[in-house]
Protein chains: 2
Amino acid sequence: MSVQGRKQRERAERERLIVATARELAEQQSWDAVTTRRLAERIEYSQPVLYSHFRGKREIIGAVALEGAAELAAALRTAASTADGLRAQVGALAHAYLDFAERNPAVYDAMFQLDGGLAFAREDDTPEPLKDAFAALRETLGEVAGDGVHPGLFTELFWASLHGLATLTRAGRLPREHAEQRVELLVTRLAVL
Amino acid sequence: MSVQGRKQRERAERERLIVATARELAEQQSWDAVTTRRLAERIEYSQPVLYSHFRGKREIIGAVALEGAAELAAALRTAASTADGLRAQVGALAHAYLDFAERNPAVYDAMFQLDGGLAFAREDDTPEPLKDAFAALRETLGEVAGDGVHPGLFTELFWASLHGLATLTRAGRLPREHAEQRVELLVTRLAVL
DNA sequence: CTCGATTGTCTAGCGGCGCTAGAATCGGAT
DNA sequence: ATCCGATTCTAGCGCCGCTAGACAATCGAG
């Protein structure tokens, strides 16, 4: 009865291959270059095979986004736990966030710029990895929200600021030159230490 | 000799029509709905006419973006000049910015999310309206940067925060519910009053 | 062991996209 | 009235996301 099992494993493996290949192609060239034809060619299957795993291109982007969210959450927790003292922790958290966006631009786009068909904001059906990445931010930032300020709300604001810095920098709207100073200013001003 | 003049005017008029129609269609439906075919049909010319005014779709988006930048700059200046006191001015500025993004989502996308082929960051060839919108922010925000903080850098950070709030809210990533409180918190914490 | 049914994969094609070459038409100057 | 240059259009290229239907491989029942 292990025949079915083997098939299932092979199928799951192929799904991982699709997601990994899409991500790779997006990082190498851009999401525009990730067409169903090229993706199919790279995994050495025909186009329709993609549609037996995902409803369409959106869902593939969504899968990359979820993978990215899990990695981001882990990176944030590592950064926060490595630093000593509140101030350093918040700084490390912010840097880790911006580093992630800078080093994985395509994944970051999949998460926050493209339509990956992922639900949000409605508490219930937001995918777990995304909630967890937010939770990772909140664990540290909740400590510096200040008296009488809701930790969740404070985290949302801090996150939005990071997101703005990340996207505007990457789009060439903000010179990379003083990126460091902007982060420092953000941490100093927003966090109550 | 006014024949040439009339033709030039008609041509300029048609160009305005193209930009206005693209903007309208984008706001009504979405930028995805703005295809060269549909756009051509709405202005009652054939597709290639669009290419006698713009290099391609990107440039049309860029034209909408520039129009939007000029409007945003004006809205920001009006807001700042209407309020009394530094604190109120900064608050009004922030609200005006977010209102603009909320009320003109397609235009905002043209400016900051889509590729309109506009240069940035390199001081020299950034289009005038964009520099001016940034200048409008700086005029007010420069007053509250705080001692020893470069006004331009402070403005960049404040702008990035607003941009983050605008995009994440519009994408449904942040609940609209406490939007007001987030802005208040941003103003209170970032600005040195 | 055979043979129909089920499952999996592929070929081929649909409608729509941005963009362009070359035909057709128009309008002012001679 | 006729020509010629500018303007506009028709038609079509190569690509996109997606899917119907043909075909092959695999499995379970007789």
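Residue and element names in this part refer to chain B. Contact pair helix 5 (residues 86-103) / helix 7 (residues 128-141): the axes reach a minimum separation of 10 Å and the direction vectors enclose 155°. The angle between helix 5 and helix 7 falls in the class roughly antiparallel. The hand of the helix 5/helix 7 crossing is left-handed. Taking contact as the criterion, the partners of Q89, V90 and L93 in helix 5 are, on helix 7, A136, L137, T140 and L141.

Moving on to the relation of the copies chain A and chain B. Superposing chain A onto chain B requires a rotation of 180° together with a translation of 0.0 Å along the rotation axis, leaving an RMSD of 0.0 Å. Taken together, the rotation and translation relating the two chain copies correspond to the operation of a two-fold axis. Comparing contact sets, 100% of the residues at the interface of chain A also lie at the interface in chain B, consistent with an isologous, same-surface contact.

Residue and element names in this part refer to chain A. Across all of its chains, the model carries 10 aromatic pairs over all chains by this definition. When the centroid spacing of 6.0 Å and the interplanar angle of 70° are considered together, the rings of F134 and W159 count as edge-to-face. One end of the pair, F134, is in helix 7 (residues 128-141); the other, W159, is in helix 8 (residues 151-170), with 25 residues separating them in the sequence. Classification of F134 as partly exposed rests on a relative accessible area of 22%. We classify W159 as buried; its relative accessible area is 7%. Chaining the aromatic ring pairs together yields one cluster made of Y97, Y108, F112, F134 and W159. For the cation-ring pair, R14 lies above Y45, with the distance from its terminal atom to the ring centre recorded as 4.7 Å.

Now for helix 8 (residues 151-170) of chain B. Given a rise of 1.5 Å per residue, 20 residues ought to cover 28 Å, and the 28 Å separating the end C-alpha atoms of helix 8 of chain B matches this to within 8%. Among the residues trailing helix 8 of chain B, G172 of chain B stands out with phi positive, at a value near 80°.

Turning our eyes to something else, we now look at unusual backbone geometry. All names here are of chain B. Despite not being glycine, S30 shows a phi value in the positive range, around 155°. With respect to the helices and strands, S30 occurs in the loop between helix 1 (2-28) and helix 2 (36-43). S30 gets classed as partly exposed once you look at its relative accessible area, which sits at 28%. Within the chain, E44 stands out as a residue other than glycine whose phi angle is a positive 60°.

In the vicinity of DNA strand D there are 18 residues, among which T35, T36, R37 and K57 of chain A together with S46 of chain B approach most closely. The sugar-phosphate portion of DNA strand D accounts for 51% of its atoms within 4 Å of the protein, the bases making up the rest. Within the backbone of T36 of chain A, a nitrogen or oxygen atom sits 2.8 Å from a phosphate oxygen of DNA strand D. K57 of chain A places a main-chain nitrogen or oxygen 2.8 Å from a phosphate oxygen of DNA strand D. Listing elements by their share of the surface near DNA strand D, those giving two or more residues are helix 1 (2-28), helix 2 (36-43) and helix 3 (47-50) of chain A together with helix 3 (47-53) of chain B. Sorting elements by how many residues they give to the surface near DNA strand D places helix 2 of chain A first, with three residues. In the surface near DNA strand D, the residues fall into seven nonpolar, five polar and six charged.

Counting residues in hydrophobic clusters, the biggest one holds 120 residues, and the most contacted among them are F158 of chain A together with F158 of chain B. Every residue in contact with F158 of chain A, bar those within four places of it in the chain, is listed here: V90, A94, L141, L186, V187 and L190 of chain A.

In the region of DNA strand C, 16 residues are neighbours, and S46 of chain A together with T36, R37, Q47 and K57 of chain B sit closest. Side-chain polar atom of T35 of chain B to a phosphate oxygen of DNA strand C: 3.4 Å apart, as the coordinates give it. The side chain of R38 of chain B places a nitrogen or oxygen atom 3.4 Å from a phosphate oxygen of DNA strand C. Of all the secondary structure elements, the ones that give two or more residues to the surface near DNA strand C are helix 3 of chain A together with helix 2 and helix 3 of chain B. In terms of residue class, the surface near DNA strand C is built from six nonpolar, five polar and five charged.

Residues and elements named next belong to chain B. Counting across every chain of the model gives 27 salt bridges over all chains. The partner of E13 in a salt bridge is R16, and the shortest N-O contact between them spans 2.9 Å. Remark: R16 and E13 occur in helix 1; sequence separation between them is three residues, near one turn of the helix. Judged by relative accessible area, which is 53%, R16 ranks as exposed. R176 is the salt-bridge partner of E102, the closest N and O atoms lying 2.8 Å from each other. Within this pair, whereas E102 is found in helix 5, its partner R176 is found in the loop between helix 8 and helix 9 (179-190), the two being separated by 74 residues in sequence. On the accessibility criterion, E102 (38% relative accessible area) is partly exposed.

Thresholds, definitions, all that
- Residues numbered from 1 in each chain as written.
- Chains lettered and ligands numbered in written order.
- Predicted model: local features only at pLDDT ≥ 70, side-chain atom pairs only at ≥ 80, totals over all residues.
- Heavy atoms only, no water.
- Axes fitted to C-alpha atoms, helices over the stretch in contact; angles between N-to-C directions.
- Helix = DSSP H or I, 4+ residues; strand = E, 2+ residues; numbered from the N terminus.
- Parallel < 35°, antiparallel > 145°, perpendicular 65-115°, else oblique.
- Left-handed = near helix turned anticlockwise from the far one by under 90°.
- Contact = heavy atoms within 4.5 Å.
- Least-squares fit on C-alpha atoms with pLDDT ≥ 70 in both.
- Phe/Tyr/Trp six-rings, centres within 6.5 Å; stacked < 30°, edge-to-face > 60°.
- Buried < 20%, exposed > 50% of the residue type's maximum accessible area, 1.4 Å probe, protein only.
- Lys NZ or Arg CZ within 6 Å of the ring centre and 35° of its normal.
- Expected span 1.5 Å × (residues − 1).
- Near = heavy atom within 4 Å.
- Polar contact = N/O pair within 3.5 Å; in protein donor to acceptor, adjacent residues only side chain to side chain.
- Nonpolar A, V, L, I, M, F, W, Y, C, P; charged D, E, K, R; others polar.
- Core = buried A, V, L, I, M, F, W, Y, C linked by side-chain atoms within 4.5 Å.
- Salt bridge = Lys/Arg side-chain N within 4 Å of Asp/Glu carboxyl O.

So far we have only geometry, and geometry alone does not tell us how the molecule works.
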